[in-house]
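Close look at the chain arrangement
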Amino acid sequence: MTDTEALFTPLAIGGVTIKNRVVMGPMALLDAHPPGYASEQTRAAYAARAAGGVGLIVTGGTVATRWAWESAPFAPVMRFDTPETLPSLSELTETVHRHDVKIFAQLMQGYGRGGSSRMRGVQSVAASAVPLVAQKGFGIEGYTDPYVGETPRALPVAEIREIEAAMGVAARHAVRAGFDGVEIPCFVGYLAAGFFSPLLNRREDEYGGSFDNRSRFIINNVRSVRAAIGPDIPVGVRLTCSDHVPGGIELEEALQLAQRLESEGVDYLSLFMGSYEVMEIAASQRDNLFEDHGYAQAFKAAVKIPIMVPGMHDPRNAARAVAAGHVDFAVVTRPLLADPEWANKARRGEVESITPCDRSNFCVTRLLGGLPVRCHRNPRMGWERDGVRAGGPV
């Protein structure tokens, strides 16, 4: 018996069995080429992590609507709002499935205050015209000066309903392309979280004010997706449990929303905390923050569906959290950039041989700068398709 054994037992999400508890979390790798399509490098990057032993991959940088496509803060994202990209997305799912790994598509409705006009000249949309203001920058290397983002356009109700309907179309496309499930984002101040946040939502109509009104957008997203793909495909929500910003999303309301989502047929919750104002929390600098704050335990007590939690870089810590019943799945993202074999090494009990993420957030710095994601600790990151990097073979 190894001290990571708890990570390597199967568990079902809805009707889909995941072979272990290790999830590659969503992150835009900025390797979609041409923009909107899954490229050879996209397939190679995900294949490396699938071969490396994860049980589930959740794609990132995957947009579900034209609003998200037009205001994406970085260019090469994968599109689910058009059937033209489906052949490339189908090749991606086939590649991952060869390794007995499931793959879910995170479907971004819009980037809200995190969106930008710099790529396609289109103003981002949000619940209200509230820009991102980070007094200490993003708190990561290269982003320490105060930052003020573009002011998004407040959505009229008619467009909100168009976006809700578009989510169902995108989910249907994802299933046609072979994805095993879909994840709906409601985190980090992006569009859905902006509707739910009492700080960012200044509306006075049916989508603002009360808890029920602020929850309406994400609930309608779930209903649209579920109506489009039926009861058997897993649907999850990535949910901010606290954004650690005064006046923003707090645990009590997040737990209430979690229970509503479960009653609407959501099959799992993937927790998130922090925001662009406090990136040292959002891109955690130490393990087990969700347990230390009591968030993981609170959600496990509030709902019966599986809970995913990020930020545990040491597989022994992740295994202890699973064994203790505090979480069901460990979402591992930055560590898998540093070492695609993280899961295989953990399963074999070879934890000391894992190349650790240095938590410098070099990958996030590149992402925020609109550049393809790279890793200080892994020169092959971004070059999996041909095994080379700038400067020669690795």
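Please read these numbers as outputs of a predicted model, since none were measured by experiment.

Comments concerning the overall build of the protein chain
The secondary structure content of the protein chain amounts to 14 helices and 18 strands. At 19 Å, the protein chain has a C-alpha radius of gyration in line with the 21 Å of a compact globule built from 394 residues. Overall, the C-alpha framework of the protein chain stretches about 55 × 45 × 45 Å when taken along its three principal axes. Within the span of the protein chain, comprising 394 residues, buried residues form 61% of the whole. Only carbon and sulfur atoms are counted for the fraction: they give 51% of the accessible area of the protein chain, which is about 14,300 Å².

Some details on the packing of helix α7 (residues 251–263) against helix α10 (residues 295–302)
Interaxial distance between α7 and α10 falls to 10 Å at its minimum, and their mutual angle equals 35°. For the pair α7 and α10, the crossing hand works out as right-handed. Contacts from L251, A254, L255, A258, Q259 and E262 of α7 reach α10 at Y295, A298, F299 and A302. Its residues assigned to classes, the contact of α7 with α10 shows eight nonpolar, one polar and one charged.

As for empty space enclosed by the protein
Here the structure, examined in full by the defined rule, presents five cavities of 30 Å³ or more. Roughly 90 Å³ of internal volume is contained in the second largest cavity. Considering the residues around the second largest cavity, the lining is formed by 13 residues, among which C357, D358, F362, C363 and C375 are closest to the centre. Elements represented by at least two residues in the lining of the second largest cavity include exactly α12 (334–338) and α14 (362–368).

Considerations on unusual backbone geometry
Omega for the peptide link from H33 to P34 comes to -5°, which places this bond in the cis form. Residue position: P34 is located in the loop between β3 (22–24) and α1 (40–51). Even without a glycine there, the phi angle at D100 is positive, about 60°. In the Ramachandran plot, R359 falls in the positive-phi region, its phi being about 55° despite a non-glycine side chain. Checked against the element boundaries, R359 lands in the loop between α13 (342–347) and α14. On the basis of relative accessibility, which here comes to 13%, the residue R359 falls in the buried class.

Considering the sheet that holds strand β15 (residues 307–310)
Taken in spatial order, the eight strands close into a barrel running β3-β4-β7-β12-β13-β14-β15-β16, and their pairing is parallel. Taken over all neighbouring pairs, the strand axes of this sheet differ in orientation by 30° on average, direction set aside. In the sheet, β3 pairs with strand β4 (residues 56–59) via two bridges, with the strands oriented parallel. Paired with M24 across the two strands is I57, which belongs to β4.

Here we look at the layout of surface pockets
As a volume, the second largest pocket reaches approximately 160 Å³. Lining of the second largest pocket is provided by H313, D314, P315, R316, P335, W342, V351, E352, I354, P356 and C357. Taken together, the residues that form the lining of the second largest pocket break down as seven nonpolar, one polar and three charged.

Observations regarding the packing of α1 against helix α3 (residues 86–97)
Across the interface, α1 lies against α3 with an axial gap of 9 Å and an inter-helix angle of 20°. The angle between α1 and α3 places the two elements in the roughly parallel class. Every pair of crossing elements has a handedness; the one defined by α1 and α3 is right-handed. Across the interface between the two elements, T42, R43, Y46, A47 and A50 from α1 touch E91, L92, T95 and V96 from α3.

Points about the side chain of T4
For T4, the location among the structural elements is in the segment before β1 (11–13). Among the polar contacts listed, one links the side chain of T4 to the backbone oxygen of A346, at a separation of 2.5 Å. Sequence-distant contacts of T4, defined by excluding residues within four places in its chain, comprise P315, R316, A319, A346, R347 and V351.

What about the pairing of strand β13 (residues 235–242)?
Of all eight residues in β13, eight are buried; the element is thus mostly enclosed. With five bridges joining them, strand β12 (residues 181–186) and β13 adopt parallel strand pairing. Bridge pairing in β13 places V182 opposite V235. Direction of pairing for β13 relative to strand β14 (residues 268–273): parallel, over a ladder of six bridges. Directly across from R238, in β14, lies its bridge partner S270.

As for the confidence of the model for the protein chain
For the protein chain, the mean per-residue pLDDT works out to 92, and 94% of the residues sit at or above 70. Long-range and interchain partners of residues 388–394, a stretch whose pLDDT sits below 50, account for 10 contacts in this model, where long-range means more than four residues apart.

Structural notes on the packing of aromatic side chains
Summed over the entire model, instances satisfying the criterion amount to nine aromatic pairs. Both rings, one in F187 and one in Y190, keep their centres 5.5 Å apart while their planes meet at 85°; by these two values the pair is edge-to-face. Overall, F187 belongs to the buried group, its relative accessible area being 7%. Judged by relative accessible area, which is 9%, Y190 ranks as buried. Among the aromatic residues, ring-to-ring pairing joins F74, Y111, F187, Y190 and F272 into one connected group. Between the NZ or CZ atom of R21 and the centre of the ring of F329, over which it lies, the distance is 6.0 Å.

Looking at the nonpolar core
Formed by 119 residues in total, the largest nonpolar core has its most connected members in V237, L261, L269 and F299. If one sorts the elements of this core by residue count, helix α6 (residues 211–229) sits on top with eight residues. Filtering out sequence-adjacent residues up to four positions away, V237 remains in contact with E183, I184, C186, I218, V222, L261, V266, Y268, L269 and S270. Ranked by size, the runner-up nonpolar core spans 11 residues in total, among them V23, Y268, M308 and F329.

Criteria and cut-off values
- Residues numbered from 1 in each chain as written.
- Predicted model: local features only at pLDDT ≥ 70, side-chain atom pairs only at ≥ 80, totals over all residues.
- Heavy atoms only, no water.
- Helix = DSSP H or I, 4+ residues; strand = E, 2+ residues; numbered from the N terminus.
- Rg over C-alpha atoms; globule rule 2.2 N^0.38 Å.
- Buried < 20%, exposed > 50% of the residue type's maximum accessible area, 1.4 Å probe, protein only.
- Areas by Shrake-Rupley, 256 points an atom, 1.4 Å probe, with all protein chains shown as cover.
- Axes fitted to C-alpha atoms, helices over the stretch in contact; angles between N-to-C directions.
- Left-handed = near helix turned anticlockwise from the far one by under 90°.
- Contact = heavy atoms within 4.5 Å.
- Nonpolar A, V, L, I, M, F, W, Y, C, P; charged D, E, K, R; others polar.
- 1 Å grid on protein atoms, 1.4 Å probe; cavity = no way out; pocket = protein on both sides within 12 Å on 5 of 7 lines; lining within 4 Å.
- Points joined across faces, edges and corners; volume = space filled by probe spheres on them.
- Pairing = 2+ DSSP bridges.
- Parallel < 35°, antiparallel > 145°, perpendicular 65-115°, else oblique.
- Polar contact = N/O pair within 3.5 Å; in protein donor to acceptor, adjacent residues only side chain to side chain.
- pLDDT = per-residue confidence, 0-100.
- Phe/Tyr/Trp six-rings, centres within 6.5 Å; stacked < 30°, edge-to-face > 60°.
- Lys NZ or Arg CZ within 6 Å of the ring centre and 35° of its normal.
- Core = buried A, V, L, I, M, F, W, Y, C linked by side-chain atoms within 4.5 Å.

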